[in-house]
Amino acid sequence: MFYGLDDAKAARFREAMAAIGECYPRLFASDMLITVDRNMSFYDDTQFMRSFQAAAETAQERSLIWRLHVLAWAGEHCRHLAGDFVECGVFRGFSTAVLAHYLDFGKLPKQWFLYDTFSGVPEDQRNSNHDNSEVFQVSELQAYVSKRFEKYPNIQVVRGRVPEVLAEQAPASIAFLHIDMNSADAELGALEQLFGRVVPGGMVILDDYGWFYYNEQKHVEDAFFVGAGYRVLELPTGQGLIVKR
Ligand SMILES: C[S@@+](CC[C@H](N)C(=O)[O-])C[C@H]1O[C@@H](n2cnc3c(N)ncnc32)[C@H](O)[C@@H]1O
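To keep things clear, this report deals only with the structure shown in the data block. (Residues numbered from 1 in each chain as written. Predicted model: local features only at pLDDT ≥ 70, side-chain atom pairs only at ≥ 80, totals over all residues.)

**Things to note about the overall build of the protein chain**
Right, on to step 1. Across its full length, the protein chain carries eight helices and nine strands.
Right, on to step 2. A compact globule built from 245 residues should have a C-alpha radius of gyration of about 18 Å, and the protein chain, at 18 Å, falls within 12% of that.
Right, on to step 3. Along the three orthogonal principal directions, the C-alpha set of the protein chain runs to about 55 × 40 × 40 Å.
Right, on to step 4. Looking at the protein chain residue by residue over its 245 residues, the buried ones come to 39%.
Right, on to step 5. A sequence separation of at least 24 residues applies to 75% of the contacts in the protein chain between residues at least 6 apart. (Helix = DSSP H or I, 4+ residues; strand = E, 2+ residues; numbered from the N terminus. Rg over C-alpha atoms; globule rule 2.2 N^0.38 Å. Buried ≥ 20, exposed ≤ 12 C-beta atoms within 10 Å, placed from the backbone. Contact = placed C-beta atoms within 7 Å.)

**Things to note about the site of the ligand**
Right, on to step 1. Near the ligand, the surroundings consist of 22 residues, among which Gly 89, Phe 91, Ser 95, Val 162 and Ala 186 are the closest.
Right, on to step 2. Contributions of two or more residues to the shell around the ligand are made by α5 (94–103) and β4 (112–116).
Right, on to step 3. Its residues assigned to classes, the shell around the ligand shows eleven nonpolar, seven polar and four charged. (Near = placed C-beta within 6 Å. Nonpolar A, V, L, I, M, F, W, Y, C, P; charged D, E, K, R; others polar.)

**Some words on helix α8 (residues 215–228)**
Right, on to step 1. The terminal C-alpha atoms of α8, which comprises 14 residues, lie 20 Å apart, in line with the 20 Å expected from a rise of 1.5 Å per residue.
Right, on to step 2. Turning to α8, its buried residues number three or more, namely Glu 216, Gln 217 and Glu 221. When α8 is viewed along its axis, its buried side chains cluster within an angular range of 120° and face the same direction. Within α8, the exposed residues directed more than 90 degrees away from the buried face are Ala 223 and Val 226.
Right, on to step 3. On its buried side, α8 packs onto α7 (184–194), β7 (198–206) and β9 (240–243).
Right, on to step 4. At the C-terminal side of α8, Gly 229 shows a positive phi close to 85°. (Expected span 1.5 Å × (residues − 1). Arc of directions from axis to C-beta.)

Okay, here's the thing in structure tokens:
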């Protein structure tokens, strides 16, 4: 799946992909990412594929497989560390559903805190360079997410605005921190509250860091991490990765 093309451009794009596919049959073209001749070994990870296919309900979710592979790899690393898991920006809980299944999270001696307004980016936190007022006003979204994770007693769904809600309820020690709110203001607030709690070896994944249309987030996040003595690794998936020392 590729975003932002009208029908005519989409048709030309498909023709171009077909031509590339004739030259390089081992082609990945999805989620604004095109690669040729890569191993893509996540397709051979039976447990990952089972978890991904069980959770992915739409073509858009299925397009995110490489991003989910990154998250699953990070989650597998972080499960062996002290500290809990956190996601800021949950929407329908897709990525957590894949990872929780993949890691059999219900059996881990950890908590996973999921934070969302469940009503989109608050008006005063919207990026100025991108219209991120998109319709996340899914009715009963919180109820859907709570139901989705009810089989995991150690996953807590917390409705509230980041960063303010973190003062009310947040783990003292964090192994895995996934930030995906499409808002520079909210994401910076989350980092200011939570990065200090990430344990050595713990990982932070910034979902939108490498996406050009979300570069307002990259700018504030780069400044935050330079101040903390870190540099963010921009992944080809569009995610940003930081490993805490
Ligand atoms: C791109 S979606 C998250 C997608 C999710 N990580 C997944 O796996 O599908 C962004 C979410 O961030 C939430 N959000 C935006 N600003 C927020 C804030 N300040 N506090 C809490 N949630 C926020 C929105 O309500 C929306 O559900």
